[in-house]
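Commentary on secondary and tertiary structure
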Amino acid sequence: MSNELDELRADIRSLTEDLVRLLSKRLEVAKRIGMVKMRHGLGIVDEKAEDELRSHILSMCDALSLDRIFVNRMLNLLFAESTRVQEAMYEEMGRVEEKEERSKSGGGGDESSVGRARMRPVDIFSKARVLERMGREIIHMEIGEPRLTIPSKVRQSLIDALDKGRYHYTESKGLEELRSAIADILNVRYSASLSKDDVIITPGGRFAVYLAMLASLKPGDEVLVVEPAWPAYIDIAEFIGVKVRRLSTRLEDGWSIDIGKLKSIMNQNTRMLILNYPNNPTGKIIEKDTLDAIVDVARSKGMMILSDEVYADLAFKDFNSILQYNYDKSIMVSSFSKGPSMTGFRIGYAATTSKQIIDGMSRLQSMMLTCVAEPIQYSALAALSSMDHVRSNATIIKSRLDLICRRLMDMQLSFYRPDGAMYVFAKVDINSDMKRFVDALLEKGVAVAPGSGFGSCYDRFIRISAGVDERVLSKGLDIIGDVLNMMGRDRENE
Ligand code: PLP
């Protein structure tokens, strides 16, 4: 037996060597393709070329008795690696160009330049902080923080937790009392049938999204993201080696999802669809019939739905949760950051009736951080019984959004009037490069989030956040109007 095993192992070794040699050759060719793309000013990812190759390779699977799902995952890893080497080349080229530009302009450097790549809100926030440290005053309209008061019960609950010695490890999923309270509220609000075991408490909605993706996706799987989208979905997917397919929506269509397009983008490897309503950055709430159709498609394909509902408390019209569909392959994510304005407490949760997913999330959370801090869990419990406070926060946010909308209308910018959340995503028609526009705003003391951070087709948008009070907002909007006038417009109707 040992001879036979040795021989087979030698075969495997030599085949693996062949594979690695071929991989190296493949990457060399990918670099050459990158050069050609760069010479012709083409983008790095060409999904059409990838899909043509994918369907050709998959057509070989049956004859070779290979599992299509495995081959598909392997292809995604190969595509991701080609993209990575080409991106590295583009980055290197960008650095050389930037250096040349700097030396042309006297070499002084430009602290406020917003750079070339996709800018996330947090990148602008960091730049704004640099300016603040230099003594400049910045109006922060780039960050998704309501910055409202927390309910007084929450404050008291923290003091009580400390007084009563409630500062120990808890079950990794979270305190039973808190999970039960959340399940009860969701069952009433959405006619769901959750038990406390279907809920996990996490340090913020962001971590719940991360855990949900990590627990249910494998490297090489595909995830579908509806754009414009909160940047973390793509960042997380890429971090865990999951391929992202983007379904773009348009302002002209009221940011609605086209079901035909959704079906055409999916394939058998598309394991998860990520939804986020009320949406960051557009403020859109998905229409009920569209959500019905999406759930039908997901059910028929066995695709998971990750529904990020962290802005549900800030919905200004009827809002349907994924929990209303009783779909066992869905995961709902929520947070105490937005409605109760408890961003710095870092607490959120996920709910799903899939035992496999919730157990996976719980195992990962236990491995990574044991549990959410116990006193913070008690403060979340207190927030659940402070719904009047949350409703009053929602009224304040709505009033700020109304102010932003009025002023943007005066500036004749196009946007979708938000149904919820805390942002207005406005299209800016100016002759100038948008990076220069965002730079100029920062220079005048206003930070906004550039649209490029929310997807590949939104370079001409900015996201304005209702995270500051109306007096400051108004000042910031004056500055936006001034900079727009200064830079000149190129309106479509002119
Ligand atoms: N999901 C969306 C769409 C968000 O915009 C945010 C925060 O901005 C989060 C999740 C995460 O929020 P937190 O981690 O503070 O709960």
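Residues take numbers from 1 onward in each chain, read along the sequence in its written order. Reporting in this predicted model follows two pLDDT cut-offs: at least 70 for local features of residues, and 80 or more for side-chain atom pairs to be given and counted; totals over whole chains, interfaces and linings ignore these cut-offs and use all residues. Hydrogens and water are ignored here; the side-chain numbers use all heavy atoms of the structure.

Some thoughts on the overall build of the chain
We count it as follows: Each helix corresponds to a stretch of at least 4 residues labelled H or I by DSSP, and each strand to a stretch of at least 2 residues labelled E; elements are numbered beginning at the N terminus. Any two residues whose heavy atoms approach within 4.5 Å are treated as being in contact. All accessible areas in this document rest on Shrake-Rupley with a 1.4 Å probe, and a residue is counted as covered only by the protein chains that are shown. In summary, the charge assignment counts Lys and Arg as positive and Asp and Glu as negative, without counting His or the chain termini. Charge positions are represented by NZ for Lys, CZ for Arg, CG for Asp and CD for Glu.
Of the regular secondary structure elements, the chain holds 15 helices and twelve strands. Principal-axis analysis of the C-alpha atoms places the extent of the chain at approximately 75 × 60 × 45 Å. By sequence separation, contacts in the chain at least 24 residues apart represent 75% of the contacts at least 6 residues apart. Summed over its atoms, the accessible surface of the chain is roughly 23,900 Å², and 52% of this surface lies on carbon and sulfur atoms. When the 69 positive and 72 negative side-chain charges of the chain are each reduced to one mean point, those points stand 1 Å apart.

Observations concerning the pairing of strand β6 (residues 304-308)
Consecutive residues of a regular strand have side chains that alternate between opposite faces of the sheet. Stated formally: Categorising residues by exposure relies on relative accessible area from a 1.4 Å probe, with only protein chains included: less than 20% of the type maximum marks a residue as buried, more than 50% marks it as exposed, and the intermediate range marks it as partly exposed. The pairing criterion for strands is at least two bridges between them, as found by DSSP. Place the viewer so that the strands point away; then a crossover is right-handed whenever the path from the first strand over the helix to the second strand goes clockwise.
For β6, a buried count of five out of five residues is recorded, marking the element as mostly surrounded by other parts of the structure. Both faces of β6 are covered, namely the face carrying M304, L306 and D308 and the face carrying I305 and S307. Of the strand pairs in this sheet, strand β5 (residues 270-276) and β6 are connected by five bridges, and their pairing is parallel. When the sheet's bridge partners are listed, N276 is paired in β6 with D308. For the segment spanning β5, helix α10 (residues 288-301) and β6, crossover handedness is right-handed. Here four bridges tie β6 to strand β7 (residues 330-335), and the two strands are oriented parallel to one another.

Things to note about the confidence of the model for the chain
Parts of the prediction with low pLDDT should not have their coordinates interpreted in detail. Definition in use: Confidence scores here are pLDDT values: one per residue, from the predictor, ranging 0 to 100.
Mean pLDDT over the chain works out to 91, with 94% of the residues at or above the 70 mark. Within the model, the stretch residues 106-116 combines pLDDT values under 50 with 20 contacts to residues more than four positions away or in other chains.

Concerning the site of the ligand
The condition that has to hold: One heavy atom within 4 Å of a molecule or strand is enough for the residue carrying it to be called near that molecule or strand. What qualifies as a polar contact is a pair of N or O atoms within 3.5 Å, subject to a donor-acceptor requirement within protein and to the restriction that residues adjacent in sequence count only when both atoms come from side chains. Cavity and pocket criteria rest on a 1 Å grid covering protein atoms alone: a 1.4 Å probe that fits but cannot get out defines a cavity, protein on both sides within 12 Å along at least 5 of 7 lines defines an open pocket, and an atom within 4 Å of a point defines a lining residue. More than half of a molecule's atoms within 2 Å of the grid points is what it takes for that molecule to sit in a cavity or pocket. Any residue that is not Ala, Val, Leu, Ile, Met, Phe, Trp, Tyr, Cys, Pro, Asp, Glu, Lys or Arg is counted as polar, Gly included; the first ten are nonpolar and the last four charged.
Near the ligand lie 14 residues; those nearest to it are G205, D308, Y311, S335 and S337. R206 places a polar main-chain atom, nitrogen or oxygen, 3.0 Å from an oxygen atom of the ligand. A distance of 2.8 Å is found between an oxygen atom of the ligand and a side-chain nitrogen or oxygen belonging to R346. Starting from 400 Å² of accessible surface for the ligand in isolation, the protein chains cover 92%. Among the cavities detected, the one that contains the ligand is the second largest pocket. The residue makeup of the shell around the ligand, split by class, is four nonpolar, six polar and four charged.

Observations regarding unusual backbone geometry
Look at the link from E227 to P228: it is a cis peptide, with omega at 0 degrees. Note on placement: P228 falls in the loop between β3 (222-227) and α8 (232-239). Backbone torsion omega between Y277 and P278 reads -10 degrees, so that peptide bond is classified as cis. Here P278 is to be found in the loop between β5 and α10.

A few points about helix α11 (residues 355-369)
Going by this rule: Expected span of a helix, by definition, is 1.5 Å for each gap between consecutive residues, and there is one gap fewer than residues.
For α11, which comprises 15 residues, the first-to-last C-alpha distance of 21 Å matches the rise-based estimate of 21 Å (1.5 Å per residue) to within 8%. Within α11 the residues assigned to the buried category are I357, I358, G360, M361, S362, L364 and Q365. Looking one or two places after α11, you find T370, whose phi comes out positive at around 70 degrees.

Quick notes on the layout of surface pockets
Where we set the bar: Grid points are joined across faces, edges and corners, and a volume is the space filled by probe spheres set on the points. Residue ranges for the domains originate in an automatic or database domain assignment.
In this structure, the second largest pocket spans a volume of roughly 650 Å³. In terms of lining residues, the second largest pocket is bounded by 27 residues, among which I143, G144, R206, W230 and K338 are the most central. Going through the elements one at a time, α4 (121-133), α7 (205-216) and α8 are the ones with two or more residues in the lining of the second largest pocket. Residue composition of the lining of the second largest pocket, by class: eleven nonpolar, seven polar and nine charged. Structurally, the lining of the second largest pocket is a two-domain feature, drawing no fewer than three residues from each of domain 2 (119-147 + 389-493) and domain 3 (170-383).

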